[in-house]
Amino acid sequence: MRLTTKGRYAVTAMLDLALHGDQGPVSLADISARQEISLSYLEQLFSRLRRHKLVTSIRGPGGGYRLSREPDAVYIAEVVDAVSESLDTTRCGNKGDCQNGEKCLTHHLWSDLSDQIHQFLSDISLGDLMRKREIQVVASRQNSRHSEGDSQTINTERLTDQAPA
């Protein structure tokens with residue numbers, strides 16, 4: 001089981017939005033610069049997040065995105081689910097046809113693990129992450145770099161599911 005780039009980037013972008021949303025709408029270009037995620041990839045992710053009513057968009061000058069709810073009411077599992085990210089650890093996609101059309105010997109073990117992972121992520125909100133000291137330190141560093149205009153480190157090509165963990 002592996003959380004792919006889509007899920008990781010969606011959670012990262014939503015956390016960035018939560019951290020900067022108190023200053024008004026946040027542009028995808030700003031998230032892209034701080035998090036080194038391609039702007040076009042963010043547009044795809046935010047289209048899905050908007051459809052799932054996790055974010056709202058504000059058009060016009062000074063526009064951008066806002067969370068649809070308070071950070072304490074947005075859970076990581078919701079974000080992952082919104083971008084159609086599977087956290088399934090079974091070989092069969094939890095269909096129960098893993099061995100010649102029937103359940104394999106360890107199907108229930110892997111299915112239970114998938115449920116545990118989903119429950120774990122369902123218990124963590126963006127607000128919980130925002131309060132973590134280590135996240136605040138990283139965000140502060142990113143804000144400093146972003147305000148200095150250090151755009152040389154932006155990697156817009158990391159779009160595959162093969163990105164390092």
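Predicted model, so just to flag it, every value in this text is computed and none were measured.

Visitor: What is the right way to read helix α2 (residues 28-35) from this model?
Guide: Note on helix geometry: an α-helix contains 3.6 residues per turn, so any two residues three or four positions apart are oriented the same way. Every buried residue belonging to α2 is among L28, I31, S32, R34 and Q35, and all of these are buried. Tucked into the core, α2 has its buried residues touching α1 (5-20), α3 (39-51), β2 (64-67) and α7 (133-147). Phi turns positive, to about 60°, at E36, one or two residues after α2.

Visitor: Any chance you could explain the packing of aromatic side chains here in plain terms?
Guide: Centre distance and the angle of the planes are the two values used to describe a pair of aromatic rings. The tally for this structure, following the rule as stated, stands at two aromatic pairs. Judged by centre distance (5.7 Å) and plane angle (85°), the ring pair of Y9 and Y41 falls under edge-to-face. Of this pair, Y9 sits in helix α1 while Y41 is found in helix α3, placing the two residues 32 residues apart along the sequence. Each member of the pair, Y9 as well as Y41, is classed as buried. Ring geometry for F46 and Y65: centres 4.8 Å apart, planes at 55°, overall tilted. Note that F46 is positioned in helix α3 and Y65 in strand β2, a separation of 19 residues in sequence.

Visitor: Explain the packing of α1 against α2 here, please?
Guide: Geometry of a packed helix pair, given as the angle between the helix axes and the separation of the axes. Contact pair α1 / α2: the axes reach a minimum separation of 10 Å and the direction vectors enclose 115°. Relative to α2, the element α1 is oriented roughly perpendicular. Crossing of α1 against α2: the hand is right-handed. Contacts from T12, A13, D16, L17 and H20 of α1 reach α2 at I31, R34 and Q35.

Reading the values: rules and limits
- Residues numbered from 1 in each chain as written.
- Predicted model: local features only at pLDDT ≥ 70, side-chain atom pairs only at ≥ 80, totals over all residues.
- Heavy atoms only, no water.
- Buried < 20%, exposed > 50% of the residue type's maximum accessible area, 1.4 Å probe, protein only.
- Helix = DSSP H or I, 4+ residues; strand = E, 2+ residues; numbered from the N terminus.
- Contact = heavy atoms within 4.5 Å.
- Phe/Tyr/Trp six-rings, centres within 6.5 Å; stacked < 30°, edge-to-face > 60°.
- Axes fitted to C-alpha atoms, helices over the stretch in contact; angles between N-to-C directions.
- Parallel < 35°, antiparallel > 145°, perpendicular 65-115°, else oblique.
- Left-handed = near helix turned anticlockwise from the far one by under 90°.

By themselves, these observations are geometric and do not establish any function.
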